2 protein chains.
Amino acid sequence: MIPVETLTVVGVGLIGGSVGLAAKTRGAARRVVGVGRDERNLARAAAVGAIDTFTSDLSVGVATADLVVVCTPVDRVGADVLAAAAAAPPRAVITDAGSTKGNIVRELAGKLPADRPTFVGSHPLAGSEKKGAAHSRADLFDDRLVIVTPTAETDLEAVSLVELFWQKLGARVVRMDPFEHDRALAVTSHLPHAAASGLAGVTPPAWLGLTAGGFRDCTRIASGDPQLWAAIFEANRDAVTAALDKFTDRMAGLRQALTAGDTAGVIQWLTEAKQVRDALGS
Amino acid sequence: MIPVETLTVVGVGLIGGSVGLAAKTRGAARRVVGVGRDERNLARAAAVGAIDTFTSDLSVGVATADLVVVCTPVDRVGADVLAAAAAAPPRAVITDAGSTKGNIVRELAGKLPADRPTFVGSHPLAGSEKKGAAHSRADLFDDRLVIVTPTAETDLEAVSLVELFWQKLGARVVRMDPFEHDRALAVTSHLPHAAASGLAGVTPPAWLGLTAGGFRDCTRIASGDPQLWAAIFEANRDAVTAALDKFTDRMAGLRQALTAGDTAGVIQWLTEAKQVRDALGS
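Calculation criteria
Residues numbered from 1 in each chain as written. Chains lettered and ligands numbered in written order. Predicted model: local features only at pLDDT ≥ 70, side-chain atom pairs only at ≥ 80, totals over all residues. Heavy atoms only, no water. Contact = heavy atoms within 4.5 Å. Buried area = accessible area lost by both parts, 1.4 Å probe. Salt bridge = Lys/Arg side-chain N within 4 Å of Asp/Glu carboxyl O. Polar contact = N/O pair within 3.5 Å; in protein donor to acceptor, adjacent residues only side chain to side chain. Buried < 20%, exposed > 50% of the residue type's maximum accessible area, 1.4 Å probe, protein only. Helix = DSSP H or I, 4+ residues; strand = E, 2+ residues; numbered from the N terminus. Right-handed = clockwise from strand over helix to strand, strands pointing away. Pairing = 2+ DSSP bridges. Bend = angle between axes of the 7 residues up to and from the residue. Phe/Tyr/Trp six-rings, centres within 6.5 Å; stacked < 30°, edge-to-face > 60°. Axes fitted to C-alpha atoms, helices over the stretch in contact; angles between N-to-C directions.

Enquirer: Break down the interface of chain B and chain A for me, citing the residues and quoting the values.
Expert: Listed as interface residues are 78 residues of chain B and, on the opposing side, 78 residues of chain A. Each partner contributes to the roughly 7,200 Å² buried at the junction of chain B and chain A, and carbon and sulfur atoms together form 71% of this total. Of the charged contacts, one joins R220 of chain A and D217 of chain B as a salt bridge, the two residues approaching to 3.2 Å between their closest N and O atoms. Our enumeration of links across chain B and chain A arrives at 20 residue pairs in polar contact (both at pLDDT 80 or more).

Structure below.
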């Protein structure tokens, strides 16, 4: 049984294209419509089988949709959800793939009438340094976590459909409060991006030849798209700021132990970190 | 032509074992003697072909050495070099594999008479999360950088022998002042380790399930040995403290732009980091 007759993907980049490709390949949707601004990118998405048809007009693209997945940058998700809700059939369910969730809840508050499609937030923890629909992968969500973030008002049937959809794409699903999601991801995703960028930012280019695997690993994500990440930081400003403060305090603890000649303190500081990292596995 | 007749490796862990194995495999030494405290580990090193014979007595182990490579933790290198210099033939050359170099120069200052073996500092930028001689790899130094750190007093013939030895093991060699080495590596190696550990240290274990590839990459090196890394931080305390301060200032710049709602500033901050990281390649 194919759960979704017509799937519309708004924003057909790597994530959106992979949603379409995985949905087609895994039998999660019969037909995929792509909505985007860049005709050449949409044509490439169609060429690799990620979408069946495409349009640059969102209201046309969602007109017959059963499920809409909004995969635009986090500062555009709210507006795109509202536009999709205005044009999609009332039975449709709308979700997204954004890295922040609380900002969307705030932006949509009181703006989705009961006779319009329901919105359920999603965040697939999957991605790649590569950009664009041409790099779409049918296995991008395989065994990845998707966090689904209903609020107290969200229709439970819509939540189940969205969860089933991601599971069909190969993902594991957990349900979380959107604001709790943002506090956690500030630490597990946004802070690491900031720290990686901070490390790269203080490294004189002349010393890049003196780096090894540790530096490479630590700073890899600093190659991410600055505009996308600035939008994520701003959409989750309070939690990111709190995470930055917690991190800075932690680093100050190392500095303090080091300058005090407190070897046991430095070892303890490193051991606490090792225990957390070892618990994650390689 | 085999440049070294008898090579003695003091401290036969992953690095020391790989020095021995690579030297034998690449024809850089005819005979390898291992010196260590742990008989079982030394027996394993011999079993995998990393060393030919072994002893727990350093002065016995270096008695006929042409080249001694000290691969003990950075807080023990100085003492081991002095012990080796006292017992090795005067023609011998001593080098090491430590991550810090200035502390060794300070520890040896005025303590190596002209009629005793010469010391030349080395730092191979190679390693692994794995520990112990059993994981020795003949290709560990292949195309890796080895930084050789002579001072104004170092015998140039000894420098050439050490450089030739590392090249025979497959490494690229650069020569640097030991204190300049320490300032650079504080930023390119020691600071990333501290930041990775800081990230792991502020992550509640309950949220580890909400991490993805970025967190994994960023924090991988936090699994390193706390005692070894505490010794590195302390051996290079001034440069590490300066690097921590530079990093903290940089992170404060992000926080400031973020809380001021300065989107252009956040994008600029991220773009500067991306440019550095992109220059390194994947």
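Enquirer: Explain the pairing of strand β2 (residues 29–35) of chain A residue by residue, including any values.
Expert: Residue and element names in this part refer to chain A. Most of β2 sits out of view: five of its seven residues are buried. The parallel pair strand β1 (residues 4–10) and β2 is bridged by helix α1 (residues 14–25), and the resulting crossover is right-handed. Sheet topology places β2 next to strand β3 (residues 53–55); three bridges connect them, and they run parallel. Across the sheet, residue V35 finds its bridge partner in β3, namely T55.

Enquirer: Could you give me a rundown of helix α7 (residues 178–201) of chain B, with the residues and numbers involved?
Expert: Residues and elements named next belong to chain B. Along α7, the sharpest change in direction is near 50 degrees and occurs at A186. Counting buried residues in α7 gives 19 out of 24 residues, a clear majority hidden from the surface. Of the residues that open α7, the one with a side-chain oxygen 2.9 Å from the backbone nitrogen of F179 is D177.

Enquirer: Requested: an account of the packing of aromatic side chains, with residues and values cited.
Expert: Residue and element names in this part refer to chain A. With the rule as written, the count across this model stands at seven aromatic pairs over all chains. Centroid distance F141 to W166: 5.5 Å. Interplanar angle 65 degrees. Geometry classified as edge-to-face. Of this pair, F141 sits in the loop between β6 (118–124) and β7 (145–149) while W166 is found in helix α6 (residues 156–168), placing the two residues 25 residues apart along the sequence. Exposure class is identical for F141 and W166. Each is buried. Taking 5.8 Å as the distance between ring centres and 70 degrees as the angle between the ring planes, the aromatic pair formed by F165 and W166 counts as edge-to-face. Like F165, the residue W166 is buried in the burial classification. Through a chain of ring-to-ring contacts, the aromatic side chains of F141, F165 and W166 assemble into a single cluster.

Enquirer: Give a description of the sheet that holds strand β7 (residues 145–149) of chain B that names residues and reports values.
Expert: Residue and element names in this part refer to chain B. Strands sit in the order β3-β2-β1-β4-β5-β6-β7-β8 across an open sheet of eight strands; the sheet is mixed. With one partner strand each, in any of the chains shown, β3 (53–55) and β8 (172–175) form the two edges of the open sheet. Looking at each pair of strands side by side, their axes are set apart by 25 degrees on average, direction ignored. In the sheet, β7 pairs with β8 via four bridges, with the strands oriented parallel. Bridge pairing in β8 links I147 to V174. Those strands touched by helix α2 (residues 39–47) are β2 (29–35) and β3, and its axis lies near 165 degrees from that of β3. The sheet strands contacting α7 are β6 (118–124) and β7, and the helix crosses β7 at an angle near 140 degrees.

Enquirer: Explain the sheet that holds β3 of chain A to me, and be specific about the residues and the numbers.
Expert: Pairing between the strands of a sheet is mediated by backbone hydrogen bonds and can be parallel or antiparallel. Residue and element names in this part refer to chain A. Judged by pairing direction, the sheet is mixed, and its eight strands sit side by side in the order β3-β2-β1-β4-β5-β6-β7-β8 without closing on themselves. Two strands in the sheet have a free side with no partner beyond their single neighbour: β3 and β8 (172–175). Sheet twist, expressed as the mean angle between neighbouring strand axes with direction ignored, is 25 degrees. Sheet strands touched by α6: β1, β4 (67–70), β5 (93–96), β6, β7 and β8. Its angle to β6, the strand with the most contacts, is close to 30 degrees.

Enquirer: Provide a residue-level description of the environment of G201 of chain B, including the pertinent values.
Expert: Following the sequence through the fold, G201 of chain B ends up in helix α7. For the pair G201 of chain B and T219 of chain B, spaced 18 residues apart in sequence, the C-alpha to C-alpha distance is 9.7 Å. Contacts of G201 of chain B, omitting those with residues within four sequence positions, involve R250 and A273 of chain A.

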